[in-house]
Amino acid sequence: MDDLRDKYLGQVTAAGDEAALEQVRLAAIGKKGEVALKMRELGRMTPEERQQVGPRLNALKDEIASAIAARKAALEDAALDERLRTEWLDVTLPVRARRHGTIHPVSQVTEEVTAIFADMGFAVAEGPQIETDWYNFDALNIPGHHPARAEMDTFYLARAEGDARPPHVLRTHTSPVQIRSMETTGAPTRVICPGRVYRADYDQTHTPMFHQVEGMAIDRDISMANLKWCLEEFCRAFFELDGIELRFRASHFPFTEPSAEVDIRCSWEGGTLKLGEGDDWLEILGSGMIHPHVLRSGGIDPDEWQGFAFGMGIDRIAMLKYGIPDLRAFFDSDLRWLKHYGFGALAAPTRHAG
Ligand code: PHE
C-alpha cells in the first residue's frame, strides 16, 4: 500500500499538464485503476483483514484524489500566470502620432459643408442612389422628350425582358431628394442633401460617380435675395476668405425659374488658382427659385409657398479649397494620395453633431 501511495503521489507531482494528470487519475483511482483492483480483492479476505485493509484503501484513494485536485489547481494557476505574463499592455505608452487611415477629402468636405449649413438651420436629408425616372426627371419638370435627359449622360438600369415600365436610373443629380424631402416634411422646410450621383463622363474634372450637395429652403416669402445671402455666407465660411466674390449669371434649369449659375472670382496668375482676386470666374454651382411645377410634384401648393434650391459639386469645391488637380485620383484608392490629401481623424468639424 505504501508502494502504491509513493508511486502515484510521485506521478501526480510529475504531471506537467492536465492531460498527463488525467492519465494518472485513471491508472490510480479510475474504475479499472490499481486502487480499484485492490478493493476488489477485499472480497477474498477474512472479515478481520477486510476491516484493516478496507479503510486504508479508502484513505489512499482519498489522498490520491485530493493530491490530483491540488495539482490541477496549481496547473491552472500556472497557466493563468503564463497568460498574464505574455498578454500585457503598457498603458503608459504614448498614442501613435499618426494613424494609418485618413479621412477622405470628400468625407471631410461633406462634413464641412454640413456644419456650415447646419449653423444656418438646414437639416440633412438623404435619398436613394437608384432612382425612378419620376423622381430624377418628371417630378423635376423634365418630361420624357426634354433634351436635359440626353444631356445628363444618364446610366439606365435594364428591366427584365418584357417589363414595359420605364427603367430605373442611377440618379444624375441630388435634386430628386428635393421632391422626397417635400413629400416627407412639407413646407416650410430647409434641408441640404449630400450624396453620390452618376453620369457617363470621364476626364480630368469628370468621373462617372461624383458627389453633389443639394440645398433647398421653402417658406412663404423666400426670395433670390435669401439665396444670394446663403451662398455668399457659405462660400466665405467654406473657403475661409472674407473677400470672396460671387457672380450670379442668368441660366436655365427646368426645375428652377428664374435660374442662376454661380461663379466665384479667381485668378490663374502664374498658373496657380487663387480665389477671391483676379479677373477670372469659375463656375461652382447651379441655383434658382424652385419651379411651381416642382413644388406641386412634391405636394406643396405654389400659391402659398416658394423657395430656392441649389446644387453644388462636393468634389469640385474640395479640389478648389485643397488644391487637388485631378478628380480621377479621388477614387483611385492610391495610398500615397490618401496620405497626402487625407485628413486626420480629429480634423473633421463636429459642431453640428447632435
Ligand atoms: N441639379 C442641377 C445639376 O445637377 C443643379 C441645380 C440644383 C440647379 C438645384 C438648380 C437648382 O446640374
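See the structure above.
Residues numbered from 1 in each chain as written. Predicted model: local features only at pLDDT ≥ 70, side-chain atom pairs only at ≥ 80, totals over all residues. Heavy atoms only, no water.

Undergrad: Would you mind showing me how to read the layout of surface pockets here?
TA: A probe matching the size of a water molecule, rolled over the atoms, marks out where space remains unfilled. Empty space within the largest pocket amounts to approximately 930 Å³. Lining the largest pocket are 39 residues; nearest its centre among them are R199, F210, Q212, F253 and E283. Among the secondary structure elements, those contributing two or more residues to the lining of the largest pocket are α7 (147–151), β5 (209–219), β6 (246–253), β7 (256–267), β9 (280–290), β10 (306–313) and α11 (314–322). It is β9 that provides the largest number of residues to the lining of the largest pocket, a total of 6 residues. Of the residues contributing to the lining of the largest pocket, the split by class is 15 nonpolar, 15 polar and 9 charged. (1 Å grid on protein atoms, 1.4 Å probe; cavity = no way out; pocket = protein on both sides within 12 Å on 5 of 7 lines; lining within 4 Å. Points joined across faces, edges and corners; volume = space filled by probe spheres on them. Helix = DSSP H or I, 4+ residues; strand = E, 2+ residues; numbered from the N terminus. Nonpolar A, V, L, I, M, F, W, Y, C, P; charged D, E, K, R; others polar.)

Undergrad: When you look at the nonpolar core in this model, what are you seeing that I'm missing?
TA: Most often, soluble globular proteins keep nonpolar side chains buried together rather than apart. Within the largest apolar cluster, 43 residues are counted, with the highest numbers of intra-cluster contacts made by F234, F239 and F308. No other element matches the 7 residues that helix α9 (residues 224–239) contributes to this core. In contact with F234, not counting residues within four places along its chain, are V113, I116, F117, M120, M312 and I317. In terms of nonpolar packing, the next biggest core, distinct from the first, is built from 23 residues, A148, M216, I218 and A309 among them. (Core = buried A, V, L, I, M, F, W, Y, C linked by side-chain atoms within 4.5 Å. Buried < 20%, exposed > 50% of the residue type's maximum accessible area, 1.4 Å probe, protein only. Contact = heavy atoms within 4.5 Å.)

Undergrad: Just checking my understanding: could you explain the packing of aromatic side chains for this structure?
TA: When we look at a pair of aromatic rings, we describe it by the centre distance and by the angle of the planes. Overall, the coordinates contain 11 aromatic pairs when judged by the stated rule. For the pair F330 and W337, a centre-to-centre distance of 5.3 Å together with 50 degrees between the ring planes defines the contact as tilted. The burial state of F330 is the same as that of W337; both residues are buried. Aromatic rings pair up to connect F117, F122, F234, F238, F239, F308 and F310 into one cluster. Directly above the ring of Y135 sits R180, whose terminal nitrogen or CZ lies 3.8 Å from the centroid. The residue whose ring lies beneath R220 is W305, and the NZ or CZ to ring-centre distance is 4.1 Å. (Phe/Tyr/Trp six-rings, centres within 6.5 Å; stacked < 30°, edge-to-face > 60°. Lys NZ or Arg CZ within 6 Å of the ring centre and 35° of its normal.)

Undergrad: Looking at this structure, I do not really get the site of the ligand. What am I missing?
TA: The local shell around the ligand holds 14 residues, among which H173, S175, R199, Q212 and G311 are the closest. Between the ligand and S175 there is a distance of 2.9 Å, counted from a nitrogen atom to a side-chain nitrogen or oxygen. Structurally, the ligand is housed in the largest pocket. Those elements that place two or more of their residues in the shell around the ligand are β5, β9 and β10. Tallying contributions element by element places β10 first for the shell around the ligand, with 3 residues. (Near = heavy atom within 4 Å. Polar contact = N/O pair within 3.5 Å; in protein donor to acceptor, adjacent residues only side chain to side chain. Sits in = over half its atoms within 2 Å of the grid points.)

Undergrad: Explain the packing of α9 against α11 here, please?
TA: Each pair of packed helices gets described by two things: the angle between the helix axes and the distance between those axes. One way to put it is that α9 packs onto α11 with a least axis distance of 11 Å and a crossing angle of 50 degrees. As summarised for this structure, α9 and α11 are arranged oblique, according to the angle between their axes. Residue-level inspection shows F234, F238 and F239 of α9 in contact with α11, the latter providing I317, L320 and K321. Looking at the contact of α9 with α11 residue by residue, the class counts come to 5 nonpolar, no polar and 1 charged. (Axes fitted to C-alpha atoms, helices over the stretch in contact; angles between N-to-C directions. Parallel < 35°, antiparallel > 145°, perpendicular 65-115°, else oblique.)

Undergrad: Would you mind showing me how to read helix α4 (residues 47–86) here?
TA: Along an α-helix, residues three or four apart share an orientation, since each turn contains 3.6 residues. Across its 40 residues, α4 extends 58 Å between first and last C-alpha, which sits within 8% of the 58 Å expected from 1.5 Å per residue. Considered for burial, the residues of α4 that qualify are G54, L57, L60, I64, I68 and L75. Where α4 is buried, its residues meet α1 (2–14), α2 (18–29) and α3 (34–41). (Expected span 1.5 Å × (residues − 1).)

Undergrad: Explain the pattern of salt bridges to me, please; I cannot follow it from the model alone.
TA: Pairs can form between side chains of opposite charge once their charged atoms are near each other. In total, this model carries 19 salt bridges according to the counting rule given. Close ionic contact of R85 with E82 constitutes a salt bridge, the shortest N to O distance being 2.8 Å. Highlighted residues: R85 and E82, both in helix α4, separated by 3 residues, approximately one helical turn. Notably, a salt bridge pairs R249 with D263, separated by 2.8 Å at the nearest N-O pair. Of this pair, R249 sits in strand β6 while D263 is found in strand β7, placing the two residues 14 residues apart along the sequence. Connected through salt bridges with shared partners, the residues R247, R249, E261 and D263 form a single ionic network. (Salt bridge = Lys/Arg side-chain N within 4 Å of Asp/Glu carboxyl O.)

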